[in-house]
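Residues per chain are reported as follows:
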Amino acid sequence: MSAEEKKRGWFGRLFGGGRPEEAEPAPEAEEPAEESATGEPEASGEEARPAEAPASRDEAAAAAAEAEAEEPLAPIDAIPSAPEPETGPALDVEPEAEPEAEPQPEPVAVAPVAPEAPAEPKQSWFQRLRAGLSRSSSALGQSITGLVRKRKLDDEMLQDLEDALIQADLGVDTAMRITEELARRRYDKQVTADEVRSVLAEEVEKVLKPVTKPLQPDFSHKPHVLLMVGVNGSGKTTTIGKLAAKFRADGRKVVMGAGDTFRAAAIEQLKVWGERTGATVVAKAQGSDASGVAWETLDVAKREGADIALVDTAGRLQNKAHLMDELTKIVRVIRKHDETAPHDVILVLDATTGQNAMQQVEIFRQVCGVTGLVMTKLDGTARGGILVAISDKHELPVHAIGIGEGVEDLEAFDAGQFARAIAGVAEASTEERA
Ligand SMILES: Nc1nc2c(ncn2[C@@H]2O[C@H](COP(=O)(O)OP(=O)(O)OP(=O)(O)O)[C@@H](O)[C@H]2O)c(=O)[nH]1
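Residues numbered from 1 in each chain as written. Predicted model: local features only at pLDDT ≥ 70, side-chain atom pairs only at ≥ 80, totals over all residues.

Moving on to the overall build of the chain. Each helix and strand in the chain was counted, giving 14 helices and 10 strands. Residue burial in the chain is summarised as follows: out of 434 residues, 51% are buried. A sequence separation of at least 24 residues applies to 80% of the contacts in the chain between residues at least 6 apart. (Helix = DSSP H or I, 4+ residues; strand = E, 2+ residues; numbered from the N terminus. Buried ≥ 20, exposed ≤ 12 C-beta atoms within 10 Å, placed from the backbone. Contact = placed C-beta atoms within 7 Å.)

Right, here's the structure in full:
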């Protein structure tokens with residue numbers, strides 16, 4: 001199988017329909033990414049289009065001002081604080097004060113693109129998923145093995161198992177269903193750890209199956225608008241970059257909007273992804289009005305006849321009413337371009353934040369009508385079970401999961417694979433070894 005066919009396979013699975021019929025050929029790498037002589041990437045949009053920028057700035061300002069006058073979509077005071085994720089810096093500076101300050105000397109951490117010539121034999125996605133989820137599955141596996149020692153399944157063991165499953169962030173309801181099913185099958189009989197694991201995998205798959213939904217952009221929108229939201233550090237920018245790479249590999253025209261104007265490094269990070277993928281990047285200076293960036297992103301996307309616009313946002317939303325307003329304002333500004341947009345509002349959740357991720361779903365659903373989820377960093381945590389609890393409670397589509405920083409580390413979500421990986425059960429069929 002060629003690399004291209006593999007990409008298409010991924011695309012088909014992620015986007016649910018295989019390669020679109022009217023995909024335009026991928027432009028040459030230098031076409032959308034405009035670089036200066038120094039090699040410094042120049043953003044499209046305001047920086048890259050001086051002649052067109054003033055008009056769109058006026059429109060953006062007018063749209064932003066109009067949007068400002070409107071009511072926010074959700075009461076901010078009702079939103080509880082979610083602790084900072086492990087990877088993100090704390091918010092202690094008002095963004096309005098930022099432009100004056102020296103740009104923060106943050107390193108631009110950009111995930112590596114898939115290595116061109118991998119030396120090692122390529123692992124299947126399931127193998128990598130299992131390896132990624134090994135912290136989650138081994139924590140659970142140890143508890144299960146510790147509890148099941150050639151004993152008959154009795155009430156005490158069921159209670160201990162339930163506690164272990166809750167500890168693993170799977171959620172109370174799922175934990176109860178698993179132990180009820182175990183009791184139904186094996187009560188007062190000898191039970192092995194393998195039997196427990198297999199019931200665990202089956203029950204987790206039952207929860208996850210209904211939420212397994214590939215991303216299905218409707219390219220007739222021209223552009224299909226995808227808004228990426230989530231707390232800072234959850235992996236929004238990286239996920240946008242990875243998605244852009246997938247769309248570009250499928251011949252789509254992509255425009256990315258650097259709507260995270262809070263952090264200079266996030267803007268730079270997106271520009272680098274733009275260079276790598278050949279996607280156009282619309283960016284403004286750090287501290288600029290994010291809704292202005294969103295406006296221009298759609299402006300540029302329409303002008304370029306882009307298939308999809310991926311709009312990044314800042315994630316410093318906890319207890320910061322004006323930043324929460326910023327998100328609702330971005331949505332309103334986007335709707336001035338297309339009242340049906342944004343067509344996808346994807347919440348990126350960092351698995352390492354465990355139960356806080358549940359809280360984040362509640363907050364972002366209130367504020368901006370989340371349509372689907374991507375969970376990242378499942379590779380670095382023992383708390384992967386949280387995706388099960390979130391799915392059980394919120395029933396939001398899970399589009400994809402991330403198990404690393406590279407392009408190849410984002411995959412379409414598959415309930416069965418995830419369930420078996422987290423339960424530490426072997427692959428079910430040869431199909432998944434592909
Ligand atoms: N291990 C691992 N790291 C990831 C994954 N996804 C993203 N990251 C890393 O997480 C860090 C934060 O990712 P960003 O994409 O910058 O997060 P963000 O939500 O855009 O953050 P802000 O710009 O601060 O709002 C980066 O170092 C990414 O490379 C993943 O699936 N696994």
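Once that is clear, we can look at the pairing of strand E9 (residues 398-402). Of all 5 residues making up E9, 5 are buried, and the element is well covered by its neighbours. By the bridge criterion, 3 bridges tie strand E8 (residues 372-376) to E9 in an arrangement that is parallel. Of the residues in E9, the one forming a bridge with Leu373 is Val398. Each parallel crossover has a hand, and the one from E8 via helix H13 (residues 386-394) to E9 is right-handed. Alignment of E9 against strand E10 (residues 410-412), held across 3 bridges, turns out to be antiparallel. Paired with Ala400 across the strands is Ala412, a residue of E10. (Pairing = 2+ DSSP bridges. Right-handed = clockwise from strand over helix to strand, strands pointing away.)

Bringing the domain arrangement of the chain into the picture now. Assigned domains within the chain: domain 1 (40-50 + 213-427) and domain 2 (133-211). For domain 1 and domain 2, the distance between their C-alpha centres works out to 34 Å. Each side of the interface is counted separately: domain 1 has 29 residues, and domain 2 has 23 residues. Those elements that provide at least two residues to the side of domain 1 that touches domain 2 are H13 and helix H14 (415-423). Counting residues per element, the side of domain 1 that touches domain 2 draws most heavily on H14, at 8 residues. (Domains from an automatic or database assignment.)

Here we come to the site of the ligand. Gly235, Lys236, Thr237, Thr238 and Gly402 are the nearest of the 26 residues found near the ligand. With 3 residues, the single largest contributor to the shell around the ligand is helix H8 (residues 236-249). (Near = placed C-beta within 6 Å.)

So, about the nonpolar core. By size, the foremost hydrophobic cluster in this structure holds 105 residues, and its most contacted members are Ala244, Met256, Ala309 and Leu310. The residues that make up this core include at least three from each of domain 1 (40-50 + 213-427) and domain 2 (133-211). In this view, Ala244 contacts Val254, Met256, Trp273, Thr277, Ala279 and Leu310; residues no more than four positions away in its chain are not counted. (Core = buried A, V, L, I, M, F, W, Y, C linked by C-beta atoms within 7 Å.)

Turning our eyes to something else, we now look at the pairing of E8. Along E8, 5 of the 5 residues are buried, which leaves the element largely enclosed by surrounding structure. Residues Gly372, Val374 and Thr376 line one face of E8 and the alternating positions Leu373 and Met375 line the opposite face, and both faces are buried. Two elements, strand E7 (residues 344-350) and E8, share 5 bridges in a ladder whose sense is parallel. Paired with Val348 across the two strands is Val374, which belongs to E8.

Of note, Asp194 is situated in helix H7 (residues 193-208). Classification of Asp194 by C-beta neighbours within 10 Å gives partly exposed; the count is 13.

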